[in-house]
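Topology and contacts: notes
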2 protein chains.
Amino acid sequence: MLGELLNHFPDGIIRPIFPGVSVRRLSFLLCLVVFCCLLLATCARAQKAQHPLDALDTREYWTVYDVITASGHLGDDAHFESILLHEPTKSLVLAWKPGDAAPREADVVLVRKERVIEARVDLRAQKLESWKEVPGARGPVFDSEITGFTETILADDRVKKALAKRGITDTNIVQCEAVPLGFLAFPEQKDRHIGMADCMIAHHSYHTWSRYIGGLTVEVDFASKKVLEVFDEEVVPIPPPSDYEEAPEVARPGTKPGVISQPLGPSFQIGNGEVSWQNWYFRFRLDSRVGPIMSLVRIDDHGRRRSVLYEGNVSEFFVPYMDATRNWSTRVFLDAGAFYPGGILKSLRQGLDCPASAAYFDGLSSDEKGNPVLRPRQACLFERFAGDVAWRKEDANLVSGRPSRTLVLRSAAVVGNYDYLMDWRFEQDGTIRVAVGATGILDARAVADESADGATNHANHSAEEYGQLVARNILGVNHDHFFSFRLDIDVDGQNNSFMIHRLVEKELSAGSPRKSIWVAKPSIAEKERDAMMDIRLDKPSMWIFVNPKVKGPLGHSTGYEIMPGVTAASLLSPDDGAQKVGAFSAHQLWVTPYRPEELYAAGTYPSSSTGEDSLAAWTRKNRGIENTDIVAWYTLGFHHVPREEDWPVMPVMWHDFVIRPFHFFGQNPVLNLPNEP
Amino acid sequence: MLGELLNHFPDGIIRPIFPGVSVRRLSFLLCLVVFCCLLLATCARAQKAQHPLDALDTREYWTVYDVITASGHLGDDAHFESILLHEPTKSLVLAWKPGDAAPREADVVLVRKERVIEARVDLRAQKLESWKEVPGARGPVFDSEITGFTETILADDRVKKALAKRGITDTNIVQCEAVPLGFLAFPEQKDRHIGMADCMIAHHSYHTWSRYIGGLTVEVDFASKKVLEVFDEEVVPIPPPSDYEEAPEVARPGTKPGVISQPLGPSFQIGNGEVSWQNWYFRFRLDSRVGPIMSLVRIDDHGRRRSVLYEGNVSEFFVPYMDATRNWSTRVFLDAGAFYPGGILKSLRQGLDCPASAAYFDGLSSDEKGNPVLRPRQACLFERFAGDVAWRKEDANLVSGRPSRTLVLRSAAVVGNYDYLMDWRFEQDGTIRVAVGATGILDARAVADESADGATNHANHSAEEYGQLVARNILGVNHDHFFSFRLDIDVDGQNNSFMIHRLVEKELSAGSPRKSIWVAKPSIAEKERDAMMDIRLDKPSMWIFVNPKVKGPLGHSTGYEIMPGVTAASLLSPDDGAQKVGAFSAHQLWVTPYRPEELYAAGTYPSSSTGEDSLAAWTRKNRGIENTDIVAWYTLGFHHVPREEDWPVMPVMWHDFVIRPFHFFGQNPVLNLPNEP
């Protein structure tokens, strides 16, 4: 309780206390600081006005628990999947002023006998507003459900026989994991919540990621907690352990220390949950389901706080594997929607994930009983100044320019084998760079092969049909990663239009010294279908969100542009069951009219679904998107053919995209940066 | 001479002296250091073995001068364009050992009466080896030639009349710049070296980039130094000055200092011109024409120094503008090949372009008389540690991972209005990231318009047909930037093959729960035409350079992959004169067999050319590229539709690509990094 008071403010984020100041100096002040903080925190708790978009705080989690249990609906057989903030309407949020009472509601998902129940709790009135079953929906699962099948599976005679066949008699070292199916793969899923389980050897290794018992798959039912079927197809060797946890006895030599310090502290400030840095102002909350949700992102322009983004967050991760073997053909993961219970974010490690000058933020989620769980360091915030340049020009031996720095909000989503570093990087010039760093461990299949047979051309080598050997007996299976970012862009207000500049070749007349140039043809997308954008190098286009009612000094509509980074489009056929759920991966950009209930690109309940509640489905209505409140959905994707260097743990692979001002500021907004970095 | 001895070693690069140590500490030691350095430098000069790929040193420039003047060929009317190292054959370089005498030759380009002469000088023998005219070639130009037309132009009666028409009577404040044509735009160019000149008002501004006298273009002849024709088409207002040189009186407040320090100095070392850092070993020289040339890039793998790249550098920049008006339709720049005399690199500014811990390197080029010019800080080398992560994995609340750092070699090429930051970034995991940051000033046209007329859709606004208004009376003209990187990749030796993994959809049989997956189909490119790669999201491919004779532990051929970043393909028609010269922009990757004379993607003399000596022309022979010494040519490109934020000086826009190990190391090579950043 003391720790909570010290660290955990009602908006669910921890205040940074003197980041950048050395631990030694702080040691003198520690007792005093503890006392002051206790006082301050208590005062803040008493006085602070809660913002309508603040994360649920600890008391609110308990209110949910108390209201639901008191309602009598719960019974013995229901468990909590998640408790999330139910956002107030946008108009209310935008009209809210400090001192106003913020309306507070929570959306609760519960599961009883595999039936999904949605409840809404009014937190101020401490009242259950609604309680309703969602027919046909499959709930997401907790990690404990995934690993909870081990005993049941190991008790099955067919499994026992399969293990014996492989010489495995000590079941103490066997772990099994049952993963719910990411799409409607089999007709029997309509009535049953089916999962596919693999078993691994937990022996001689700190983790079991490489230690698959190959050729053995167990079909289970999450509702009855029973084994349905056992597929014992091929006996292959258990791959050797491949650890990385323990540091080598002698680290690579020759690395001299690098010190980043901010003797006067960081340049950002946080007041009532709002971050301010350079000209930026924004809020964020750490959401159990999708991680950091940025909101009310505004930028100061000569004293005016101009709106850029009402809200931005990753809305779903779609990770289909590309292995047609029986055991693997259903491996399709919706990393957020199917696996978020307990919270998608895990703790960051100081000194590893963020530089020494970073401030850290705790976060809350809930467990199966509906009790809040406080997890430390779910995000960090730091200024990055590493020799970057805002602008420069050399002219007549005079070099003019300004060094630049970046504000980074970082968190780490951990979903099974993969770790995703998630960055929101704010530049001084009004640019936001959104980046995802994929690391962690490959999902790998045990195979008989110990080598790729030395063929330069692997085409005829069947072991590598679905991936690449990354170690002896280990096939790194080919797969995709697609992230759908929901970006509620509000340039200078809510009503925006989506302007496409298409770059098209223009042939010139015979009298010209040139045969051709290209020109940029602008158009405004009227309907959703006009705004399904595919990246083609032979047909390039620029994607600009403009406010048709607000003109800059030159008469241009003010705008913000989404500039794609390296990305990918899905290669799967539209009628593939996995692709139906992850259909957002078919285009790199989608634009929809704002609807408060359209939050997740693969739907609220993607598990075992057919994609009927998804970005692709909503946009079939082809709604109007001109001069109205619109939402952009950017798809960041990449195909992954594994390499030996990705084993036993992957070097971080970053991908990003950019949201940048386009005719927004009237001129270069960073002429007035300080000369010193 | 003293300064030269102190700073300038025979390989043309300056030794870093205690970077990261504060200036204050150094002040105590300065006299002592000066003395020691003098001694050391003298010793090093006497004893150091010159490497065959070292840049030409000061004495060698003077040897060239002495040999050429003594030859009697020079006469009064020839001037030097450039003096570049002529590289020894690759076999000789690879066989060279410290102590061997390095063969040293220089390639000299001279121009007499607009005829190009190539001379080669043997520097050891101090002997002229060859002297030959290159028929049909147009030489590149010095900045002084570009600006040297002002008096001639202002003396022309037609120009006087045009200026008078615009109310300009004081010609002291008029500057003109004549730019040679980047391609064969007019038949008369065959006999004449034609340029197009604009004039600007140098009044109330530190530069003239915005101050064009619109509607006035002057055609000049570089040979006769005469005005050929004057085009006076439209009188438009002179755009207002738009300065950035002077800092605002009050810089943006709220930026607290950030300090990067390396109290024990940097982790890299330089011995006899070779940089070593972490497991990397490489050399570089600063070339007048193309900037930094990386060479002999190798990486230590358990005690073996394995070859990655024999040589890598940008080979050409192609910048076509997209304005069909008479005055602008010939604006096509080959920034390296047409403008390098005097050296493409300009000085970096400490505290702006590189962080405080950086080491700087001087560089040499030559002037019109053939005299060496020593320019300070043409490159910097620094370690970047800014909160980056090499890899990480959270598992059961244990976060494993390692922080990472990067070694950056940075330089700045300045070509007219544009500044290009050029980075070679070496990662600890064997990845090389090559990046170009474009900044500087837009090439802008004076127009009558003061506003875009407030139209949301600019389609009908003729002023913006060829660009965007970026300020009152200033049109930022649409254009492209294409960079061709010549990458002589040598994976584990000289003979490599180019392997393409094509990702193709595979339909699955009716019995499968999935309808489709994708599989990676590998193939080896036999001939040049098989290796002209276009990026298509619907037909993705991976580009891997493998050594077919060297197998890793799993039997894979060892390889390095080129991973494209955001890039563009040219939209111009192949028969466009500009596109013929910059035809490398048609594909994102080309692969050729190694030929020592094929160095520049748009040819040795791109100015006024038709592209007959270019990457596109060489590859028409469709030569074999399998299991032989091959060279990759990567095209980094982007289209630029200017925005108001790009004026009066552009925020840096970075683009990059990656060269990374693929089945090269056998496993993740950064498990043994230190735990501290």
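Below is a summary of the structure that appears in this document. (Residues numbered from 1 in each chain as written. Chains lettered and ligands numbered in written order. Predicted model: local features only at pLDDT ≥ 70, side-chain atom pairs only at ≥ 80, totals over all residues. Heavy atoms only, no water.)

1. What to know about the overall build of chain A
Across its full length, chain A carries nine helices and 32 strands. Rg of the C-alpha trace for chain A: 26 Å, near the compact-globule value of 26 Å for 677 residues, within the 12% margin. Summarising its shape, the C-alpha atoms of chain A cover approximately 80 × 75 × 60 Å along the three principal directions. Scored against the burial criterion, the 677 residues of chain A give a buried share of 65%. Intrachain contacts of chain A at a sequence separation of at least 6 include 67% that bridge at least 24 residues. Here chain A displays about 24200 Å² of accessible surface, and carbon together with sulfur accounts for 51% of that area. Distance from the positive charge centre (72 side chains) to the negative charge centre (89 side chains) of chain A: 5 Å. (Helix = DSSP H or I, 4+ residues; strand = E, 2+ residues; numbered from the N terminus. Rg over C-alpha atoms; globule rule 2.2 N^0.38 Å. Buried < 20%, exposed > 50% of the residue type's maximum accessible area, 1.4 Å probe, protein only. Contact = heavy atoms within 4.5 Å. Areas by Shrake-Rupley, 256 points an atom, 1.4 Å probe, with all protein chains shown as cover. Lys, Arg positive; Asp, Glu negative; His and termini not counted. Charge placed at Lys NZ, Arg CZ, Asp CG, Glu CD.)

2. Things to note about the sheet that holds strand β22 (residues 444–446) of chain B
All names here are of chain B. What the three strands build is an open sheet, ordered β22-β24-β23; its pairing is antiparallel. Edge positions in the open sheet fall to β22 and β23 (467–471), since each of these has one partner strand only. Direction aside, neighbouring strands of the sheet carry axes that sit 40 degrees apart on average. Note: β23 against strand β24 (residues 474–477), four bridges, orientation antiparallel. Across the sheet, Ala-471 pairs through a bridge with Ile-474, a residue of β24. (Pairing = 2+ DSSP bridges. Axes fitted to C-alpha atoms, helices over the stretch in contact; angles between N-to-C directions.)

3. Some remarks on the relation of the copies chain B and chain A
Between the two chain copies there is a screw-like relation: a rotation about an axis and a shift along it. In screw terms, the move from chain B to chain A is a rotation of 180 degrees and a rise of 0.0 Å along the axis, fitting with an RMSD of 0.0 Å. Both copies are brought into coincidence by an operation consistent with a two-fold rotation axis. Judged by C-alpha distance, B:Ile260 is the residue of chain B that lies nearest the rotation axis, at 2.3 Å. (Least-squares fit on C-alpha atoms with pLDDT ≥ 70 in both.)

4. Section: the environment of B:Gly511
With respect to the helices and strands, B:Gly511 occurs in the loop between β26 (495–507) and β27 (516–524). Take B:Gly511: its relative accessible area is 73%, and that puts it in the exposed class.

5. As for the interface of chain B and chain A
Opposite the 176 residues of chain B that make contact, chain A presents 176 residues. Counting the surface chain B buries against chain A, the share from its top three residues, B:Arg252, B:Arg392 and B:Trp518, is 7%. Viewed at the interface, chain A and chain B are joined by twelve salt bridges. The salt bridge partner of B:Asp576 is A:Arg514, with a shortest N-O separation of 3.1 Å. Counting every contact that joins chain B to chain A gives 82 residue pairs in polar contact (both at pLDDT 80 or more). Examining the composition of the side of chain B that touches chain A, we find that 13 residues originate from one element, strand β18 (residues 372–395) of chain B, more than from any other. In terms of residue class, the side of chain B that touches chain A is made up of 89 nonpolar, 49 polar and 38 charged. Relative to strand β9 (residues 259–261) of chain B, strand β9 (residues 259–261) of chain A runs antiparallel, the two being bridged by three bridges. Residue pairing across strands places A:Ile260 opposite B:Ile260, the latter belonging to β9(B). (Buried area = accessible area lost by both parts, 1.4 Å probe. Salt bridge = Lys/Arg side-chain N within 4 Å of Asp/Glu carboxyl O. Polar contact = N/O pair within 3.5 Å; in protein donor to acceptor, adjacent residues only side chain to side chain. Nonpolar A, V, L, I, M, F, W, Y, C, P; charged D, E, K, R; others polar.)

6. Points about the nonpolar core
Across soluble globular proteins, nonpolar side chains show a tendency to be buried alongside one another. Within the largest apolar cluster, 136 residues are counted, with the highest numbers of intra-cluster contacts made by B:Tyr420, B:Phe485, B:Leu487 and B:Phe498. Ranked by residue count, the leading element in this core is strand β31 (residues 628–640) of chain B, at seven residues. The contact partners of B:Phe485, leaving out residues within four places of it in the chain, are B:Asn313, B:Val314, B:Ser315, B:Trp424, B:Val434, B:Val436, B:Ala632, B:Trp633, B:Tyr634, B:Leu636 and B:Phe657. Core analysis: the second largest hydrophobic core is formed by 135 residues, A:Val297, A:Leu469, A:Trp618 and A:Tyr634 among them. (Core = buried A, V, L, I, M, F, W, Y, C linked by side-chain atoms within 4.5 Å.)

7. Some points on the side chain of A:Thr63
All names here are of chain A. By the secondary structure assignment, Thr-63 is in helix α3 (residues 58–71). Given a relative accessible area of 12%, Thr-63 falls into the buried group. In contact with Thr-63, not counting residues within four places along its chain, are Leu-123 and Gln-126.

8. Quick notes on the state of the cysteines
Residue and element names in this part refer to chain A. Across all of its chains, the model carries four disulfides over all chains by this definition. Residue Cys-176 pairs covalently with Cys-199 via a disulfide, S to S 2.2 Å. When the S-S torsion is 100 degrees, as for the bridge of Cys-176 with Cys-199, the disulfide is right-handed. Here Cys-176, found in strand β5 (residues 174–180), pairs with Cys-199, found in strand β6 (residues 194–201); they are 23 residues apart in sequence, far enough to count as distant. Given a relative accessible area of 1%, Cys-176 falls into the buried group. (Disulfide = S-S within 2.5 Å.)

9. So, the environment of B:Leu636
Residues and elements named next belong to chain B. Looking at the secondary structure, you find Leu-636 in strand β31. Each C-alpha atom, one on Leu-636 and one on Val-434, is 9.8 Å from the other, the two residues being 202 residues apart in sequence. The contacts of Leu-636, once residues within four sequence positions are left out, are Val-436, His-481, Phe-482, Phe-483, Phe-485, Thr-567, His-655, Asp-656 and Phe-657.

10. So, unusual backbone geometry
It is generally the case that most residues other than glycine have a negative phi and that most peptide bonds are trans. A cis amide bond, omega 5 degrees, links A:Trp647 with the succeeding residue A:Pro648. One can find A:Pro648 in the loop between β31 (628–640) and β32 (650–662). Here A:Arg377, not a glycine, exhibits a phi torsion of approximately 50 degrees, which is positive. You can see A:Arg377 is positioned in strand β18 (residues 372–395). On the basis of relative accessibility, which here comes to 25%, the residue A:Arg377 falls in the partly exposed class. Positive phi is not limited to glycine here, since B:Gln278 has a value of about 50 degrees. Relative to the assigned elements, B:Gln278 resides in the loop between β11 (274–277) and β12 (280–287).

11. Section: the packing of aromatic side chains
One pass over the full model with this rule turns up 46 aromatic pairs over all chains. A ring pair is formed by B:Tyr418 and B:Tyr420, whose centres lie 5.6 Å apart and whose planes are at 10 degrees; its orientation type is stacked. Judged by relative accessible area, which is 2%, B:Tyr418 ranks as buried. Across the ring face of A:Tyr600, the terminal group of A:Arg289 is positioned such that the distance to the ring centre comes to 3.6 Å. One residue, A:Arg306, lies across the ring of A:Phe664, its end atom 3.7 Å from the ring centre. (Phe/Tyr/Trp six-rings, centres within 6.5 Å; stacked < 30°, edge-to-face > 60°. Lys NZ or Arg CZ within 6 Å of the ring centre and 35° of its normal.)

Function-wise, these values are silent; they only describe arrangement.
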